[in-house]
Amino acid sequence: VLRCLGIPTRVITNFNSAHDKNLNLSIDKYIDVSGNNLHLSEDSVWNFHVWNESWFVRRDLGSFYDGWQVLDATPQERSKGIYQCGPASTRAIKEGDVDLDYDSPFVFAAVNADCVTWIRYSKKRKERIYSDTRKIGKFISTKAVGTNARVDVTANYKYPEVKEISFKISYSQYKNSLRDDRKILVTAV
């Protein structure tokens, strides 16, 4: 319909799409001390989810948020009392501006939530035992114009994941680095 009105629109597919039911920006899994799933969270991860993007000028949010906007014609949750999703600025999602209207937190979680596993010891005590920050929002894609080729638009939604750098230093090197830091502080004062 939007294309018929002359508004640029494209279909987006998000692989490993998070469904953050409680909007805490994480997909939580709870287990007991024996490792059994406790089914305490309605959060889930879908193999993929599809929505539309349309190109809008955002006078309501400011020109910083102009550009591609997420519109989901198949929303699974109510937003402001009705089933709707968007238009959420992809720029807002990439920048983590989850305080904006139009379902920005929900879309942010769909592409960038952390998957967190908790051990629940009691109703009042739980402990985070695992967190996967890279699982959600893989290969966010659209179709190329004029061909069936895939275009990766992941960079429109999120910054590249930081690679973990593993290194080891001896205690004496660590101690010396602290001493050097103190010299810098003393010099700066």
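Structure's up top.
Below: a short report on this structure. As the structure is a prediction and not an experimental result, all values here were calculated from the model.

Scanning all chains against the criterion turns up four salt bridges. We note a salt bridge from Lys21 to Glu42, for which the minimum N-O separation is 3.6 Å. Of this pair, Lys21 sits in the loop between β1 (9-19) and β2 (26-31) while Glu42 is found in the loop between β2 and β3 (44-56), placing the two residues 21 residues apart along the sequence. Between Arg58 and Asp60 there is a salt bridge whose closest N-O contact spans 2.9 Å.

Here we take up the side chain of Thr142. Inspection of the secondary structure assignment puts Thr142 in strand β10 (residues 138-143). Owing to a relative accessible area of 9%, Thr142 belongs among the buried residues under this scheme. Residues within four places of Thr142 in sequence aside, it is in contact with Arg10, Val11, Ile12, Ala149, Arg150, Val151 and Val153.

Pairing is antiparallel in the open sheet, where six strands are placed in the order β7-β4-β3-β1-β10-β11. Taken across any chain shown, the strands that pair with only one partner, and hence form the sheet edges, are β7 (88-89) and β11 (150-152). Along the sheet, helix α2 (residues 104-112) contacts β1, β3, β4 (67-71), β7 and β10; its crossing angle with β1, the most-contacted strand, is approximately 70°.

Membership of the largest hydrophobic core comes to 13 residues, with the highest contact counts inside it found for Trp51, Val70, Ile93, Val107 and Tyr157. It is α2 that contributes the most residues to this core, four residues altogether. Discounting residues that sit within four places of it in the chain, Val107 has contacts with Val70, Cys85, Ala88, Ile93 and Tyr157. Ala18, Ile27, Ala113 and Cys115 belong to the second largest nonpolar core, which has six residues in total.

Conventions adopted
Residues numbered from 1 in each chain as written. Predicted model: local features only at pLDDT ≥ 70, side-chain atom pairs only at ≥ 80, totals over all residues. Heavy atoms only, no water. Salt bridge = Lys/Arg side-chain N within 4 Å of Asp/Glu carboxyl O. Helix = DSSP H or I, 4+ residues; strand = E, 2+ residues; numbered from the N terminus. Buried < 20%, exposed > 50% of the residue type's maximum accessible area, 1.4 Å probe, protein only. Contact = heavy atoms within 4.5 Å. Pairing = 2+ DSSP bridges. Axes fitted to C-alpha atoms, helices over the stretch in contact; angles between N-to-C directions. Core = buried A, V, L, I, M, F, W, Y, C linked by side-chain atoms within 4.5 Å.

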